[in-house]
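Secondary and tertiary structure notes
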Amino acid sequence: MNSIPSMMQDSRGNIWFCIGGLGIVRYNDKNNGYTSFKDQELIWITDIEEDQNGNLWFGGHNLFFFNSAESSFTKIEDLNGYKQEWSSSELHFDNRNELWIGTQNHGLWLYNIEKNTLVQYKNDPADPQSLSSDQITCIFEDKLLNLWIGTRDGGLNIINRNRKPFHHYQCNPTISSGLSSSNIRNFYEGKDGQIWIATYGGGLNLFDRETQTFNHYKHDPGNPYSVASDKLTNVLVDSEGYIWILGYGFHKMDPATQRFSLLKNPALSWGLYEDNYGTIWISSANGLGRYDKLNDSLKIYYPTIGDPFSISHKFISSVFEDSKGIFWVCTEGGLNQFDRDKQE
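Residues numbered from 1 in each chain as written. Predicted model: local features only at pLDDT ≥ 70, side-chain atom pairs only at ≥ 80, totals over all residues. Heavy atoms only, no water.

**Regarding the sheet that holds strand β23 (residues 232-237)**
- Strand order across the open sheet formed by four strands is β23-β24-β25-β26, with antiparallel pairing between neighbours. Of all the strands in the sheet, the pair left with one neighbour each is β23 and β26 (259-264). Each neighbouring strand pair of the sheet contributes to a mean axis angle of 25°, computed without reference to strand direction. (Pairing = 2+ DSSP bridges. Helix = DSSP H or I, 4+ residues; strand = E, 2+ residues; numbered from the N terminus. Axes fitted to C-alpha atoms, helices over the stretch in contact; angles between N-to-C directions.)

**Things to note about the packing of aromatic side chains**
- Inspection of every chain in the model, using the stated rule, returns 30 aromatic pairs.
- Measuring from ring centre to ring centre gives 5.9 Å for tryptophan 16 and phenylalanine 37, while their planes differ by 20°; the resulting arrangement is stacked. Of this pair, tryptophan 16 sits in strand β2 (residues 15-19) while phenylalanine 37 sits in strand β4 (residues 33-37); the two residues are 21 residues apart in sequence, bridging distant segments of the chain.
- Relative to phenylalanine 66, the ring of tryptophan 16 lies with its centre 5.0 Å away and its plane at 65°, an arrangement referred to as edge-to-face. Linking tryptophan 16 in strand β2 with phenylalanine 66 in strand β7 (residues 63-67), this pair joins segments that are 50 residues apart in sequence.
- On the basis of relative accessible area, tryptophan 16 is assigned to the buried category, the value being 1%.
- Linked through ring pairs, Phe140, Trp148, Tyr169, Phe187, Phe207 and Phe214 together constitute an aromatic cluster.
- Between lysine 252 and the ring centre of tyrosine 242, over which it is positioned, the NZ or CZ distance is 4.3 Å.
- Arginine 259 extends its terminal NZ or CZ atom over the ring of tyrosine 225, reaching a point 4.0 Å from the ring centre. (Phe/Tyr/Trp six-rings, centres within 6.5 Å; stacked < 30°, edge-to-face > 60°. Buried < 20%, exposed > 50% of the residue type's maximum accessible area, 1.4 Å probe, protein only. Lys NZ or Arg CZ within 6 Å of the ring centre and 35° of its normal.)

**Concerning the pattern of salt bridges**
- Scanning the model with the defined rule gives four salt bridges in all.
- The closest approach of N and O atoms between arginine 209 and glutamate 189, which form a salt bridge, is 3.5 Å. Of this pair, arginine 209 sits in the loop between β21 (204-208) and β22 (213-217) while glutamate 189 sits in strand β19 (residues 184-189), placing them 20 residues apart in sequence.
- On the accessibility criterion, arginine 209 (27% relative accessible area) is partly exposed.
- With relative accessibility at 12%, the residue glutamate 189 sits in the buried group.
- Residue glutamate 274 is joined to lysine 293 by a salt bridge in which the shortest nitrogen-to-oxygen separation is 3.2 Å. In this pair, glutamate 274 sits in strand β27 (residues 269-274) while lysine 293 sits in the loop between β29 (287-292) and β30 (297-301), placing the two residues 19 residues apart along the sequence.
- One continuous salt-bridge network, built from bridges that share partners, spans Asp142, Glu189 and Arg209. (Salt bridge = Lys/Arg side-chain N within 4 Å of Asp/Glu carboxyl O.)

**Here's the deal with the confidence of the model for the chain**
- Of all residues in the chain, 92% attain a pLDDT of 70 or more, and the chain-wide mean is 86.
- For the chain, per-element mean pLDDT is lowest for strand β9 (residues 78-79), which scores 54, and highest for strand β20 (residues 195-199), which scores 96. (pLDDT = per-residue confidence, 0-100.)

**Let's talk about the pairing of strand β28 (residues 280-284)**
- Burial runs high along β28: five of the five residues are buried.
- Side chains Ile280, Ile282 and Ser284 project from β28 onto one buried face, and the interleaved Trp281 and Ser283 project onto a second face that is buried too.
- The pairing of β27 with β28 spans five bridges and is classified as antiparallel. Across the sheet, leucine 272 pairs through a bridge with isoleucine 282, a residue of β28.
- Adjacent in sequence and paired antiparallel, β27 and β28 are bridged by five residues, among which glycine 278 carries a positive phi angle near 85°.
- Summarising the sheet, β28 and β29 pair through five bridges and their orientation is antiparallel. Across the sheet, the residue bridging to tryptophan 281 is arginine 290, located in β29.
- Taken together, β28 and the strand that follows it, β29, pair antiparallel across an intervening segment of two residues.

As structure tokens, this is what we get:
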């Protein structure tokens, strides 16, 4: 079994897959051809990003640069005296084409490609304006070009476009309008500029830019319209403005009524994706979920013994729709393509 933790389509139309334990695969849809890159150091790549010059960057146990013109990989391991000894959890290119690298235990790094320089941001207990935690979970840039950094135990850090010191938001039980949990899992910015934050243990938070406070949406045993669990993993605002959240349960929230509907209470789920048809897809530890908004129906796809057209594994790592409308499903058992017409 080979897990596929990440995939993306580059500006040339190629589709890239990271296959855990085996390396990287590139799919060329023009000739329906696959190219494998099986260098030993490429086998644990978990994230792929493309810069403004069309070059690709791969993060995981190491950081690699792929030169598209030469079709070759270069390991980034020693810059300005910094020798890479960390495992990245998140890669993000900002509007300046600079690469932010979030790590699991070694803080946040900023790599300037043109100058070939690397700057590290770490937590310093003696400096209140330093990064709040070295365990980075997610990185997001909003429409105002502020960078949001979520951490596993230090809450939320925001750094503005001028690279001023970090502004922190952490959970403080004595502040009712503060962040409800310091374990941040994901961000999503709606069309109206509102920032939704999925936390693990504190439910859903909505950040109010004017008051710099947070509205909380948490489990309430006495309210059947509240979220079923405060342990969230993802949040999505769809094309119609509805809020979707995942964790131990799959919920839809109507922003007009602020009521949650529990559509499914499955195993732990983490991936939310809206395709070009408006369908919502859910990646989970127990099957692939497909929610049809038109018919208000949820279908779960499981592997079926003896059925070659069923999904290859129940553990779904991610899904992706390419520029031609082909829908790809990455599982613990390899790669699948979903046929919308045949629903298989």
